[in-house]
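# Commentary on secondary and tertiary structure
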Amino acid sequence: MESPTKTGTDSGPLEFREFAAGRSRHLVRTAYLLTGGDAHLAEDLAQEALGKLYAGWRRVSRMENPAGYARTVLVNTFLSHRRRRSSSEHVTDTFVEAPGPGDDPALRVALLGALAELPQQDRAVLILRYWEDLGVEETAAALRLTPSAVRSRASRALARLRARLGDQLDDLARP
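These numbers were taken from a predicted model, which means no experiment stands behind them.

## Some details on unusual backbone geometry
- For D133, which is not glycine, the phi dihedral falls at a positive 60°.
- Accessibility expressed as a relative area gives 65% for D133, which makes it exposed.
- Even without being glycine, R144 reaches a positive phi, approximately 55°.
- Tracing the chain through its elements places R144 in the loop between α7 (136-143) and α8 (147-173).

Structure, rendered in structure tokens:
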């Protein structure tokens, strides 16, 4: 019985396992933000995205940026999740992750709550632009939007966040 290798053109299970091990935590964190703080759904979406990547791994592994493609698959999985009839899960106020040192839990909860109130597409634009630090063109390609649509959605979504968090941010910023 042969064991999978990383040599040659073989892009088998071992290479995918290494990719998944290196990217899964990042994908779960991004999904956590996209879902508005639903840790369980975030894990499900990341797992589903990794499953899709595995199915086409031979093609994906030859891409210039498999990590970027993985992020795109995750965002598309998130956007299509709500369209499915079987989607009946609801976001809760319970957070599984404990805050790290220096984190302000009140600010984090306020921001996650405000993000959860945004439409899914606007939330995805903000996460990709400001959390993932993607450019306008990269975000547009990932979401299949025009660059001008990304800029206008980002502008409107940021205005909504500022309006929603205005007083809370002032209160939280005071020592």
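Okay, back to it.
## With respect to the packing of helix α4 (residues 66-81) against helix α6 (residues 120-131)
- Packing of α4 against α6 brings their axes to within 10 Å, and their N-to-C directions diverge by 160°. The angle between α4 and α6 places the two elements in the roughly antiparallel class. The way α4 lies across α6 gives a crossing that is right-handed. Each of R71, V75, F78 and L79 in α4 lies in contact with α6, whose residues at this interface are Q120, Q121, R123, A124 and L128.
- Class assignment for the residues of the contact of α4 with α6 results in 5 nonpolar, 2 polar and 2 charged.

## Quick look at the packing of aromatic side chains
- With the rule as written, the count across this model stands at 3 aromatic pairs.
- Measuring from ring centre to ring centre gives 5.2 Å for F16 and W57, while their planes differ by 75°; the resulting arrangement is edge-to-face. With F16 in helix α1 (residues 13-34) and W57 in helix α3 (residues 57-60), the pair connects residues that are 41 residues apart, well separated along the chain.
- Owing to a relative accessible area of 9%, F16 belongs among the buried residues under this scheme.
- On the numbers, 5.0 Å between centres and 40° between planes, the contact of F19 with W57 is tilted. Residue F19 is found in helix α1, and its partner W57 is found in helix α3; the two are separated by 38 residues along the sequence. No difference in accessibility class separates F19 from W57, as the two residues are buried.
- Taken together through their ring pairs, the aromatic side chains of F16, F19, Y54 and W57 make up a single cluster.
- In this arrangement the basic side chain of R129 is found over the ring face of Y130, its NZ or CZ atom lying 5.4 Å from the centre.

## Things to note about the nonpolar core
- Of all hydrophobic cores here, the largest spans 44 residues; its most connected members are L53, V75, L126 and L143.
- Taken together, the elements giving at least two residues each to this core come down to α1, α2 (39-55), α3, α4, α5 (105-117), α6, α7 and α8.
- Not counting residues up to four positions away in its chain, the partners in contact with L143 are V75, L79, Q121, A124, V125 and L128.

## Observations regarding the side chain of T77
- Following the sequence through the fold, T77 ends up in helix α4.
- Among the residues examined, T77 registers a relative accessible area of 0% and is labelled buried.
- From its side chain, T77 meets the backbone oxygen of V73 in a polar contact 2.7 Å long.

The rules behind each value
Residues numbered from 1 in each chain as written. Predicted model: local features only at pLDDT ≥ 70, side-chain atom pairs only at ≥ 80, totals over all residues. Heavy atoms only, no water. Buried < 20%, exposed > 50% of the residue type's maximum accessible area, 1.4 Å probe, protein only. Helix = DSSP H or I, 4+ residues; strand = E, 2+ residues; numbered from the N terminus. Axes fitted to C-alpha atoms, helices over the stretch in contact; angles between N-to-C directions. Parallel < 35°, antiparallel > 145°, perpendicular 65-115°, else oblique. Left-handed = near helix turned anticlockwise from the far one by under 90°. Contact = heavy atoms within 4.5 Å. Nonpolar A, V, L, I, M, F, W, Y, C, P; charged D, E, K, R; others polar. Phe/Tyr/Trp six-rings, centres within 6.5 Å; stacked < 30°, edge-to-face > 60°. Lys NZ or Arg CZ within 6 Å of the ring centre and 35° of its normal. Core = buried A, V, L, I, M, F, W, Y, C linked by side-chain atoms within 4.5 Å. Polar contact = N/O pair within 3.5 Å; in protein donor to acceptor, adjacent residues only side chain to side chain.

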